[in-house]
Amino acid sequence: MARRKLVAGNWKMNGSRAALAELDAIAQAAAAAPGVDVAVAVPFTLIAPAADRAPALAIGAEDVHERDSGAHTGCVSAGMVKEAGASFTIVGHSERRADQGETSQDAWAKAAAAHRQGLNVILCCGETEAERNAGRAERVVQAQIEKSVPDNADGSWFTLAYEPRWAIGTGRTPTVDEIASIHAIARAKLRMLIGDAADGVRILYGGSVTGENAATLLAVENVDGALVGGASLTAAKFVPIIEAAS
Ligand code: PEP
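Residues numbered from 1 in each chain as written. Predicted model: local features only at pLDDT ≥ 70, side-chain atom pairs only at ≥ 80, totals over all residues.

Looking at an unreviewed UniProt entry, one finds the protein named Triosephosphate isomerase, with Sphingomonas zeae as its source organism. Reading the Subunit (unreviewed entry) entry of the UniProt record for the protein gives the comment "Homodimer." Of the protein, the UniProt comment under Subcellular location (unreviewed entry) reads exactly: "Cytoplasm". (UniProt positions renumbered as here; feature names shortened; annotations may be inferred.)

Undergrad: Before we go on, may I ask you to explain the site of the ligand in this structure?
TA: Neighbouring the ligand are 13 residues, the closest being Ile168, Gly169, Gly206, Gly229 and Gly230. Taken together, the residues of the shell around the ligand break down into five nonpolar, seven polar and one charged. (Near = placed C-beta within 6 Å. Nonpolar A, V, L, I, M, F, W, Y, C, P; charged D, E, K, R; others polar.)

Undergrad: Can you help me understand the sheet that holds strand S7 (residues 202-206) in this one?
TA: Backbone-to-backbone hydrogen bonds pair the strands of a sheet. The strands run either parallel or antiparallel. Pairing in this closed barrel of eight strands is parallel, and the strands run S1-S2-S3-S4-S5-S6-S7-S8 around the ring. For this sheet, the mean inter-axis angle between neighbouring strands, taken without regard to orientation, is 25°. Here four bridges tie strand S1 (residues 5-10) to strand S8 (residues 225-228), and the two strands are oriented parallel to one another. Within the sheet, the bridge partner assigned to Gly9 lies in S8 and is Val228. Against the sheet, helix H2 (residues 44-53) makes contact with strand S2 (36-41) and strand S3 (58-61), and its axis sits at roughly 165° relative to S3, the strand it touches most. (Pairing = 2+ DSSP bridges. Helix = DSSP H or I, 4+ residues; strand = E, 2+ residues; numbered from the N terminus. Axes fitted to C-alpha atoms, helices over the stretch in contact; angles between N-to-C directions. Contact = placed C-beta atoms within 7 Å.)

Undergrad: What is the right way to read unusual backbone geometry from this model?
TA: What you tend to see is this: most non-glycine residues have negative phi, and most peptide bonds are trans. Here the phi dihedral of Lys12 falls at roughly 55°; this positive angle occurs in a residue that is not glycine. For Lys12, the location among the structural elements is in the loop between S1 and helix H1 (22-31).

Undergrad: Is there a simple way to think about the UniProt feature "binding site: substrate" (unreviewed entry) in the protein in this case?
TA: Within the UniProt annotation, "binding site: substrate" (unreviewed entry) is assigned to Asn10, Trp11, Lys12, Gly169, Ser208, Gly229 and Gly230. On the basis of their most widely separated C-alpha atoms, the annotated residues across 221 residues gather in one place, lying no more than 14.1 Å apart. Secondary-structure assignment places Ser208 in the loop between S7 and helix H9 (214-218). Note on Ser208: 22 C-beta atoms within 10 Å, which makes it buried. Apart from residues no more than four positions distant in its own chain, Ser208 is found in contact with Ala167, Thr170, Gly171, Arg172 and Thr173. Checked against the element boundaries, Gly229 lands in the loop between S8 and helix H10 (235-245). C-beta crowding within 10 Å serves as the criterion here: with 21 such atoms nearby, Gly229 is assigned to the buried category. Setting aside its immediate chain neighbours within four residues, Gly229 contacts Asn10, Lys12, Ile168 and Gly169. (Buried ≥ 20, exposed ≤ 12 C-beta atoms within 10 Å, placed from the backbone.)

Undergrad: In this structure, what is going on with the pairing of strand S4 (residues 88-91)? I would like to understand it.
TA: For a regular strand, side-chain orientation follows a simple rule: the groups alternate between the two sheet faces. Here S4 shows no split at all, with Phe88 and Ile90 on one side and Thr89 and Val91 on the other all buried. A crossover connection joins S3 to the parallel S4 through helix H3 (residues 78-84); in handedness this β-α-β unit is right-handed. Relative to strand S5 (residues 120-125), S4 runs parallel, the two being bridged by four bridges. Paired with Ile90 across the strands is Ile122, a residue of S5. (Right-handed = clockwise from strand over helix to strand, strands pointing away.)

Shown next, in the form of structure tokens:
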């Protein structure tokens, strides 16, 4: 099944109002690549100004709380980020799993909350280096998918991102065969969980994607786009990835 490529940036805890100027050239590149969906997840404080500045881009959050409202000091709900102008959120990013102890069950609850509020979701999974070295990468990713993908997931709102933790921000990537193998396994697992809807779900690769390696990585079977951290912070680095996807 043909799936449109999605190139999504993740600014993490970076950026400022001044940095939003980068979105101008990113939006131009997105307009020049009508066959590619382009999205940028930014810190909560930048969602509203980013959405105002780049209305043609999908602007998203990097996380949401699993509850719609309540006594959760310091947290931000899916409805709040939607009202600020977000159309999607990332959930289950490995940095939140590592720093905040989030689990696959948390990612499931956050994905469900986001969908309830009308947000699209990019749900992350991926093994650690120790798990890969122990030959457990496939089982770890399968288990994460099983625990975190909502039953009603489909490609109209749900995207999976495979991000091996050891490849994030390190300049290292798996081989194309390793990526193809995990993406095929992820697709098969999705099919077991949600049936034919799995064919419409995009599976992104994330982890040290750059303008130099994007064309190779995006050509791998079942790789439907990229989730990009460091190289999404400037148009100079992000635009070549959008171009490689088109
Ligand atoms: C990420 O944080 O999702 C990511 C893939 O980061 P980087 O591209 O910097 O490896």
